[in-house]
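The chain contents come next:
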Amino acid sequence: MSDLDIAIVIVTYKSAALTVQCLRSIAAERTSPGLAIRAVVVDNASGDLPEIERAIQANGWDGWVSVVAAPRNGGFAYGNNLGIEHACRRAPPAYVHLLNPDTQVRPGAIGILVRFLEAHPEAGIAGSSFENLDGSAWPISFRFPSLFSEIDTGLQLGLATRVLKRWVVARPMSQELAQPVDWICGASMLIRPAVLSALGGFDENYFLYYEETDFCLRAARAGFATWYVPQSRVMHIAGQSTHVTERQNAPKRLPAYWFESRRRYFAISHGVLKAMAIDLAALLAHALGSLKRNALGRRAEAVPFFIRDLLRHSILWPAHRSFPPARGLKQIP
């Protein structure tokens, strides 16, 4: 039997050095039996490619790494769709593996995901567990955001979190047992081409954030399950391109595109009227949470200007209720 063709797609934006380290970790996995691993690096118009191309030549990786210069910085969904299309030009691979440039795969991580999907035909997407740079575990998957999760996030109250536990978005996971989940982090995501064909790839209306949430939700509605596979371990330094989701630092003000992605997700997945109700509940919950933090002298824990920005970008305003149809792959594998 021929080896399974695995196409890895890495979208980089001002992360050349990290991308090279990611490729180095992939190179060590190319001897995995039964797998033919190749990679596509997409530069989202950041100027990273010259440095990456020099490293590819210096390390002799040009036989299995190809590069794509995106004409613009269209975001995570756009860059990954571009890389997937490039990877499928020769022939659709057996699987597409999305990796962030700020990741390094640990030994066997790719093969474990592949073997899992080979053994579970009902699953369409499989994701790794993550560890931090210091080696500590970050075993988290996610539930789909909802009205109740928005209330919990706003209040940040222990009692409310216990009551709303089944809706809290971040879901601590077993480090031994593979489990079906709502959605997984796109930093390490193995996808069947059948899922890409059914969904038309990622929705490029999301510049950054909520795109993998939307992708996994549409996959679930199309009959493809998403699984968390903890035996596949990947080191992930969160937030290196945007510095928004860095785990060790104080919260930063969220960019406008975060709120725009959130607005689209709730409107598309729940409908406009329910999205409006979710925004009203979120604004009230965050206001109450802010009062609590102020009373306890913990204002530094809050995301700066969150309530103001949420209101400014809310679907409550009529001008924010127009949503273009999904834009995805130009060529469906």
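What you see is a predicted model; the values in this text were computed from it and never measured.

Caption draft 1: Expanded view of the packing of helix α5 (residues 147-155) against helix α10 (residues 272-295). Packing of α5 against α10 brings their axes to within 7 Å, and their N-to-C directions diverge by 20°. Taken together, the axes of α5 and α10 lie roughly parallel to each other. Remark: the crossing between α5 and α10 carries right-handed chirality. Residues Leu-147, Glu-150, Ile-151, Thr-153, Gly-154 and Leu-155 of α5 touch α10, and the partners they reach there are Ala-277, Ile-278, Ala-281, Ala-282, Ala-285, His-286, Leu-288, Gly-289, Lys-292 and Arg-293.

Caption draft 2: Representation of the packing of helix α9 (residues 256-270) against α10. Between α9 and α10, the least distance of the axes is 7 Å, while the angle of their chain directions is 135°. What the angle tells us is that α9 and α10 run oblique. The handedness of the crossing between α9 and α10 comes out as right-handed. Mapping the contact onto sequence places Arg-262, Phe-266, Ala-267 and His-270 in α9 and Val-272, Lys-274, Ala-275, Ile-278, Asp-279 and Ala-282 in α10.

Caption draft 3: Examining the environment of Ala-178 more closely. Here Ala-178 shows up in the loop between β9 (170-172) and β10 (179-181). Residues Ala-178 and Val-68 lie 110 residues apart in sequence; the distance between their C-alpha atoms is 34 Å. Every residue in contact with Ala-178, bar those within four places of it in the chain, is listed here: Phe-116, Trp-227, Tyr-228, Val-229 and Pro-230.

Caption draft 4: Structural view of the side chain of Glu-204. You can see Glu-204 is positioned in the loop between α7 (193-199) and α8 (211-221). Classification of Glu-204 as buried rests on a relative accessible area of 6%. Among the polar contacts listed, one links the side chain of Glu-204 to the side chain of Asn-81, at a separation of 2.9 Å.

Caption draft 5: Structural detail: unusual backbone geometry. Its identity is not glycine, yet Tyr-210 carries a phi of approximately 70°, on the positive side. Along the chain, Tyr-210 falls in the loop between α7 and α8. Residue classification places Tyr-210 among the buried residues on the basis of a relative accessible area of 11%. Phi at Phe-305 takes a positive value of approximately 60°, unusual for a residue other than glycine. Tracing the backbone through its elements, the reader meets Phe-305 in the loop between α10 and α11 (306-312).

Caption draft 6: Region of the structure containing α9. Here α9 contains 15 residues, and its C-alpha end-to-end distance of 21 Å stays within 8% of the 21 Å for a straight helix at 1.5 Å per residue. Within the span of α9, buried status applies to Trp-258, Phe-259, Ser-261, Arg-262, Arg-263, Arg-264, Tyr-265, Phe-266, Ala-267 and Ser-269. The inward-facing, buried residues of α9 abut α5, α8, α10 and α11.

Caption draft 7: Structural context of the pattern of salt bridges. Overall, the coordinates contain 12 salt bridges when judged by the stated rule. Of the charged contacts, one joins Arg-38 and Asp-5 as a salt bridge, the two residues approaching to 2.8 Å between their closest N and O atoms. Within this pair, whereas Arg-38 is found in strand β2 (residues 35-43), its partner Asp-5 is found in strand β1 (residues 4-12), the two being separated by 33 residues in sequence. In this pair, the class of Arg-38 matches that of Asp-5, namely buried. A salt bridge links Asp-279 to Arg-262, with the shortest nitrogen-to-oxygen separation between them at 2.7 Å. With Asp-279 in helix α10 and Arg-262 in helix α9, the pair connects residues that are 17 residues apart, well separated along the chain. Residue Asp-279 is classed as buried on the basis of its relative accessible area, which comes to 3%. Beyond isolated ion pairs, a larger network of salt bridges with shared partners links Asp-5, Arg-38 and Arg-90.

Caption draft 8: Local environment of the environment of Pro-304. Along the chain, the position of Pro-304 falls in the loop between α10 and α11. Pro-304 sits 40 residues away from Arg-264 along the chain, and the two C-alpha atoms are 22 Å apart. The residues contacting Pro-304, other than those within four sequence positions of it, are Pro-251, Lys-252, Arg-253 and Asp-309.

Caption draft 9: Fine view of the pairing of strand β11 (residues 188-191). Of the two faces of β11, the one lined by Ser-188 and Leu-190 and the one lined by Met-189 and Ile-191 are each fully buried. As paired elements, strand β4 (residues 95-99) and β11 share 4 bridges and run antiparallel to each other. Across the sheet, residue His-97 finds its bridge partner in β11, namely Leu-190. Both strand β6 (residues 123-131) and β11 contribute to a ladder of 3 bridges, which runs antiparallel.

Caption draft 10: The arrangement of the packing of aromatic side chains in detail. Counted under the stated rule, the structure contains 16 aromatic pairs. Taking the centre distance of 5.2 Å and the plane angle of 50° together, the rings of Phe-116 and Trp-227 count as tilted. Of this pair, Phe-116 sits in helix α4 (residues 109-119) while Trp-227 sits in strand β12 (residues 225-236), and the two are 111 residues apart along the sequence. Given the relative accessible area of 9%, Phe-116 is considered buried. Judged by centre distance (4.1 Å) and plane angle (15°), the rings of Phe-202 and Phe-215 are stacked. One end of the pair, Phe-202, is in the loop between α7 and α8; the other, Phe-215, is in helix α8, with 13 residues separating them in the sequence. Following the ring pairs from residue to residue traces out a cluster consisting of Tyr-210, Trp-258, Phe-259, Tyr-265, Phe-266 and Phe-306. Over the ring of Tyr-78 we find Arg-72, and its NZ or CZ is 4.2 Å from the ring centre. Its guanidinium or amino end placed over the ring of Tyr-206, Arg-264 lies 5.7 Å from that ring's centre, counting from NZ or CZ.

Rules of the game
- Residues numbered from 1 in each chain as written.
- Predicted model: local features only at pLDDT ≥ 70, side-chain atom pairs only at ≥ 80, totals over all residues.
- Heavy atoms only, no water.
- Axes fitted to C-alpha atoms, helices over the stretch in contact; angles between N-to-C directions.
- Helix = DSSP H or I, 4+ residues; strand = E, 2+ residues; numbered from the N terminus.
- Parallel < 35°, antiparallel > 145°, perpendicular 65-115°, else oblique.
- Left-handed = near helix turned anticlockwise from the far one by under 90°.
- Contact = heavy atoms within 4.5 Å.
- Buried < 20%, exposed > 50% of the residue type's maximum accessible area, 1.4 Å probe, protein only.
- Polar contact = N/O pair within 3.5 Å; in protein donor to acceptor, adjacent residues only side chain to side chain.
- Expected span 1.5 Å × (residues − 1).
- Salt bridge = Lys/Arg side-chain N within 4 Å of Asp/Glu carboxyl O.
- Pairing = 2+ DSSP bridges.
- Phe/Tyr/Trp six-rings, centres within 6.5 Å; stacked < 30°, edge-to-face > 60°.
- Lys NZ or Arg CZ within 6 Å of the ring centre and 35° of its normal.

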